[in-house]
Amino acid sequence: MCGIAGFISQDQVRENGQRIRKAIVLQNDRGNGLGAGYGAYGIFPEYKDLYAFQVACNEKSQHEEVYSYLIKHFKIHHQERVKVWGHRIKNCPLIVRFFLEPKQEQISLNMMDDAGSMRFDDYVIGHVMHINSNIQGAYVFSSGKNMGVFKGVGTPEEIYDFYCLDEYEAYCWIAHNRFPTNTPGWWGGAHPMNLLGWSIVHNGEISSYGINRRYLETFGYKCNLQTDSEVVAYLLDLLIRQHGLSIEDAIKVLAPPYWSEIKRMKNSIEKSRLIQLKTTYEAAMLNGPFAILCAHDNGLFSITDNTKLRPMSVGVCKGYKYFSSEISALYEMENNLEEIFAPRAGEPVIVEYTRQVNVCQKQAS
């Protein structure tokens with residue numbers, strides 16, 4: 001029932017959030033006021049090589065505990081309270097932003113790859129998981145570079161105004177309007193769900209959550225945010241960044257063809273590849289109805305389940321791609337769309353920037 005929207009400038013032209021705001025506010029009936037959020041890429045060019053942690057704390061003492069922890073493991077280049085406008089949302093956590101550089105002397109030898117390079121991203125993930133698991137009342141909800149997640153309990157319009165998103169400029173925006181069904185509506189459970197550069201918004205249910213979660217835990221990920229969507233962001237990090245799968249293959253892992261479809265394939269090489277992916281990564285497969293939009297350091301892509309039980313529409317215009325649960329919301333972002341289409345069930349739509357960065361074990365500069 002949730003609503004999702006997003007757009008990307010492939011030439012990385014930055015703009016504020018007015019267009020994404022209109023697209024998600026139009027889908028107001030898809031939520032119930034218990035969660036909304038936005039993801040924005042390209043918003044911190046002055047700190048683009050540093051990890052930008054955005055941390056929510058229920059009390060000031062938890063902020064102090066988080067600071068004491070971070071200062072041991074990172075060089076803090078800058079910290080600030082995230083600017084909010086609290087006229088419409090009163091009961092909110094303290095939200096603080098840190099721009100961080102890992103302390104190399106704190107990185108153990110097992111955090112080095114075969115070539116002797118430090119795996120900074122793995123180091124960062126370990127500390128995100130530690131804070132979210134061990135500092136009660138505090139959680140990191142955004143941890144990538146040159147990007148940020150802004151989310152909370154409220155309607156899309158309330159959350160947009162709360163974070164003063166008119167003051168940020170990004171070249172890729174995603175948005176979500178939440179209608180929680182099986183999990184509580186709380187600040188950490190709102191979308192986007194993020195880890196490093198991966199941010200996802202999700203409409204539907206992940207009925208394979210328990211299997212996916214146990215699989216992720218074997219690789220050190222910890223799911224603490226009380227929502228099934230959390231596993232999607234972690235699975236993408238595992239499959240693409242850690243295991244080096246392409247986006248296309250990672251999507252085939254998350255939403256693989258049915259066995260009957262694979263059996264009918266005449267291309268023996270493709271058939272063998274799909275069988276290998278499906279058997280190797282069986283525990284990573286997502287089950288249930290879903291439409292997912294994922295923003296990352298190199299672009300934006302959509303996934304739907306193989307029956308397409310949740311909608312996804314795409315618009316194209318002059319170097320931009322637009323995504324939404326509803327076609328009408330595409331026109332809220334661009335009046336003069338050159339093309340509109342609805343991807344077939346299970347068919348991904350992958351958009352990349354003109355300039356690319358390597359996301360496999362990306363290192364801090």
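Check the entry above for the structure.
What you see is a predicted model, and the numbers here were worked out from it, not measured in a lab.

Reading guide: rules and limits
Residues numbered from 1 in each chain as written. Predicted model: local features only at pLDDT ≥ 70, side-chain atom pairs only at ≥ 80, totals over all residues. Heavy atoms only, no water. Salt bridge = Lys/Arg side-chain N within 4 Å of Asp/Glu carboxyl O. Helix = DSSP H or I, 4+ residues; strand = E, 2+ residues; numbered from the N terminus. Buried < 20%, exposed > 50% of the residue type's maximum accessible area, 1.4 Å probe, protein only. Phe/Tyr/Trp six-rings, centres within 6.5 Å; stacked < 30°, edge-to-face > 60°. Lys NZ or Arg CZ within 6 Å of the ring centre and 35° of its normal. Core = buried A, V, L, I, M, F, W, Y, C linked by side-chain atoms within 4.5 Å. Contact = heavy atoms within 4.5 Å. Pairing = 2+ DSSP bridges. Axes fitted to C-alpha atoms, helices over the stretch in contact; angles between N-to-C directions. Parallel < 35°, antiparallel > 145°, perpendicular 65-115°, else oblique. Left-handed = near helix turned anticlockwise from the far one by under 90°.

Caption draft 1: Seen up close, the pattern of salt bridges. Taken as a whole and assessed by the stated rule, the structure comprises 14 salt bridges. Close ionic contact of glutamate 157 with arginine 21 constitutes a salt bridge, the shortest N to O distance being 3.0 Å. With glutamate 157 in helix H4 (residues 156-162) and arginine 21 in helix H1 (residues 18-25), this pair connects stretches of sequence that are 136 residues apart. In this structure glutamate 157 comes out as partly exposed when scored by relative accessible area, which is 30%.

Caption draft 2: Structural view of the packing of aromatic side chains. Across all of its chains, the model carries 17 aromatic pairs by this definition. Residues phenylalanine 7 and tyrosine 320 carry aromatic rings whose centres are separated by 6.4 Å and whose planes lie at 45° to one another, so their mutual orientation is tilted. Residue phenylalanine 7 is located in strand S1 (residues 3-9), and its partner tyrosine 320 is located in strand S14 (residues 320-324); the two are separated by 313 residues in the primary sequence. Ring centres 5.5 Å apart and planes at 65° place the aromatic pair phenylalanine 162 and tryptophan 187 in the edge-to-face group. Taken together, the residues phenylalanine 162 in helix H4 and tryptophan 187 in the loop between strand S8 (172-177) and strand S9 (193-195) connect sequence positions 25 residues apart. Connected via pairs of aromatic rings, a cluster forms that spans Phe150, Phe162, Tyr163, Tyr168 and Trp187. Above the ring of phenylalanine 7, the side-chain terminus of arginine 19 is found at 4.8 Å from the ring centroid.

Caption draft 3: Up close: the nonpolar core. The biggest cluster of nonpolar side chains holds 116 residues, and the ones touching the most others in it are Phe53, Leu70 and Tyr163. The element best represented in this core is helix H6 (residues 230-242), accounting for nine residues. Setting aside chain neighbours within four positions, we find phenylalanine 53 in contact with Leu70, Phe74, Val96, Arg97, Phe98, Leu100, Val124, Val128, Val140, Ser142 and Ser143.

Caption draft 4: Spatial organisation of the sheet that holds strand S12 (residues 299-304). An order of S9-S10-S11-S12-S16 is seen for the five strands of this open sheet, with the pairing classed as antiparallel. Two strands in the sheet have a free side with no partner beyond their single neighbour: S9 and strand S16 (349-352). On average, each strand axis in the sheet is tilted by 15° relative to the strand beside it, whichever way the strands run. Across six bridges, the pairing between strand S10 (residues 198-204) and strand S11 (residues 290-296) is antiparallel. Within S11, the position partnered with asparagine 203 by the bridge is alanine 291. Sitting on the sheet, H6 touches S9, S10, S11 and S12, and the angle it makes with S10 is about 135°. The strands that helix H7 (residues 247-254) touches are S11, S12 and S16; relative to S12, the one it contacts most, it runs at about 25°.

Caption draft 5: Just the pairing of strand S2 (residues 36-41), in detail. Here S2 lies mainly inside the structure; six of its six residues are buried. Residues Ala36, Tyr38 and Ala40 point to one face of S2 and Gly37, Gly39 and Tyr41 to the other, with burial holding for every one of them. Pairing of S2 with strand S7 (residues 147-152), which is carried by six bridges, proceeds in the antiparallel orientation. Directly across from tyrosine 38, in S7, lies its bridge partner phenylalanine 150. Note that S2 and S8 share six bridges and pair antiparallel. Across the sheet, the residue bridging to glycine 37 is histidine 176, located in S8.

Caption draft 6: View of the environment of cysteine 57. Looking at the element boundaries, cysteine 57 is found in strand S3 (residues 51-57). C-alpha of cysteine 57 to C-alpha of glycine 35: the two residues are 22 residues apart in sequence and 17 Å apart in space. Leaving out residues up to four positions away in the same chain, cysteine 57 has contacts with Gln62, His63, Val66, Pro93, Leu94, Gly137 and Ala138.

Caption draft 7: Summary view of the packing of H7 against helix H9 (residues 268-280). At their nearest, the axes of H7 and H9 sit 9 Å apart, and the two run at 60° to each other. Of the possible angle classes, the one that applies to H7 and H9 is oblique. Judged by the sense of rotation from one axis to the other, the crossing of H7 with H9 is right-handed. Contacts between H7 and H9 pair Asp249, Lys252 and Val253 from the former with Arg273, Leu274 and Leu277 from the latter.

Caption draft 8: Inspection of the pairing of S16 at higher detail. Only one face of S16 is buried: it carries Val349 and Val351, and the other face, with Ile350 and Glu352, is open. Sheet analysis places S12 next to S16, joined by four bridges and oriented antiparallel. For serine 302, the partnering residue across the bridge sits in S16 and is valine 349.

Caption draft 9: How the structure looks around the side chain of histidine 202. Looking at the element boundaries, histidine 202 is found in strand S10. Taking relative accessible area as the criterion, histidine 202 reaches 1% and is therefore assigned buried. Other than its neighbours up to four places away in sequence, histidine 202 contacts Cys2, Ile4, His176, His191, Asp228, Ser229, Pro289, Phe290, Ala291 and Ile292.

Caption draft 10: Highlighting the environment of glutamate 169. By the secondary structure assignment, glutamate 169 is in the loop between H4 and S8. On the basis of relative accessibility, which here comes to 40%, the residue glutamate 169 falls in the partly exposed class. The sequence separation of glutamate 169 and phenylalanine 44 amounts to 125 residues, and the corresponding C-alpha distance is 8.8 Å. Those residues in contact with glutamate 169 that lie beyond four places of it in its chain are Arg14, Glu15, Asn16, Gly42 and Ile43.

Caption draft 11: Molecular detail of the packing of helix H3 (residues 120-134) against H6. Viewed as axis vectors pointing N to C, H3 and H6 meet at an angle of 165°, and their least axial separation amounts to 13 Å. Comparing the axis directions of H3 and H6 gives the class roughly antiparallel. In the crossing of H3 with H6, the sense of the turn from one axis to the other is left-handed. Residues Asp121, Asp122, Ile125 and Met129 of H3 form the contact with H6, whose participating residues are Tyr234, Asp237, Arg241 and Gln242.

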